[in-house]
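Observations on the three-dimensional arrangement
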Amino acid sequence: MIRLPLLWLVFTALFIFLSGILLTWICYEIAHRRREARKLRGWTRCTLCAFHFKAEPSARLQICPQCGAKNEYSPIKPL
């Protein structure tokens with residue numbers, strides 16, 4: 001049997017509990033960033049009016065549906 005003072009037992013239990021919460025939070029943030037990046041794939045932003053629109057990556061020049069300006073395709077980068 002392992003002998004532990006009460007203070008160390010409480011500290012160990014608290015450390016394990018908080019480590020679990022931290023690990024869950026980190027995993028959630030990684031999954032959230034992947035979802036956001038997948039959602040923004042294929043979207044671009046107009047350099048003139050800053051309107052976001054769905055663009056074909058195969059076409060070199062994209063025409064903005066809001067202002068009609070021609071834009072080169074550049075994917076939106078997530079934060």
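Below, the structure is looked at part by part. (Residues numbered from 1 in each chain as written. Predicted model: local features only at pLDDT ≥ 70, side-chain atom pairs only at ≥ 80, totals over all residues. Heavy atoms only, no water.)

1. Quick word on a nonpolar patch on the surface
A cluster of nonpolar side chains, namely Ile2, Leu4, Leu6, Trp8, Leu9, Val10, Phe11, Phe15 and Ile16, defines an oily patch on the protein surface of about 1,100 Å² accessible area. By secondary structure assignment, the location of Trp8 is in helix α1 (residues 6-40). (Patch = residues over 30% accessible without salt bridge, like charges linked within 9 Å, V, L, I, M, F, W, Y side chains within 5 Å. Areas by Shrake-Rupley, 256 points an atom, 1.4 Å probe, with all protein chains shown as cover. Salt bridge = Lys/Arg side-chain N within 4 Å of Asp/Glu carboxyl O. Helix = DSSP H or I, 4+ residues; strand = E, 2+ residues; numbered from the N terminus.)

2. Some words on the packing of aromatic side chains
Under the counting rule described, the total for this entry stands at 2 aromatic pairs. Taken together, a centroid distance of 5.7 Å and an interplanar angle of 90° make the contact between Trp8 and Phe11 edge-to-face. Here Trp8 pairs with Phe11, and both are found in helix α1, just 3 residues apart, close to one helical turn. In this structure Phe11 comes out as partly exposed when scored by relative accessible area, which is 48%. Grouping aromatic residues by their ring pairs yields a cluster made of Trp8, Phe11 and Phe15. (Phe/Tyr/Trp six-rings, centres within 6.5 Å; stacked < 30°, edge-to-face > 60°. Buried < 20%, exposed > 50% of the residue type's maximum accessible area, 1.4 Å probe, protein only.)

3. Digging into unusual backbone geometry
The phi angle at Ala50 is positive, at roughly 65°, despite the residue not being glycine. As for its placement among the helices and strands, Ala50 is situated in the loop between β1 (43-45) and β2 (52-54).

4. Some thoughts on the nonpolar core
In globular proteins that are soluble, nonpolar side chains generally tend to be buried together. Grouped together as the largest cluster of nonpolar side chains are 5 residues: Cys46, Phe53, Ala55, Cys64 and Ala69. Once residues within four sequence positions are removed from consideration, Cys64 is found in contact with Cys46, Cys49, Phe51, Phe53, Ala69 and Asn71. (Core = buried A, V, L, I, M, F, W, Y, C linked by side-chain atoms within 4.5 Å. Contact = heavy atoms within 4.5 Å.)

5. Quick look at the environment of Arg35
Relative to the assigned elements, Arg35 resides in helix α1. What makes Arg35 partly exposed here is its relative accessible area of 40%. Sequence spacing of Arg35 and Trp8 is 27 residues, and the spatial spacing of their C-alpha atoms is 40 Å.

6. A closer look at the side chain of Gln62
Tracing the backbone shows Gln62 in strand β3 (residues 61-63). For Gln62, a relative accessible area of 8% corresponds to the buried category. With residues near it in sequence (within four places) discarded, Gln62 still touches Phe53, Ala55, Glu56, Ala69, Lys70, Asn71 and Tyr73.

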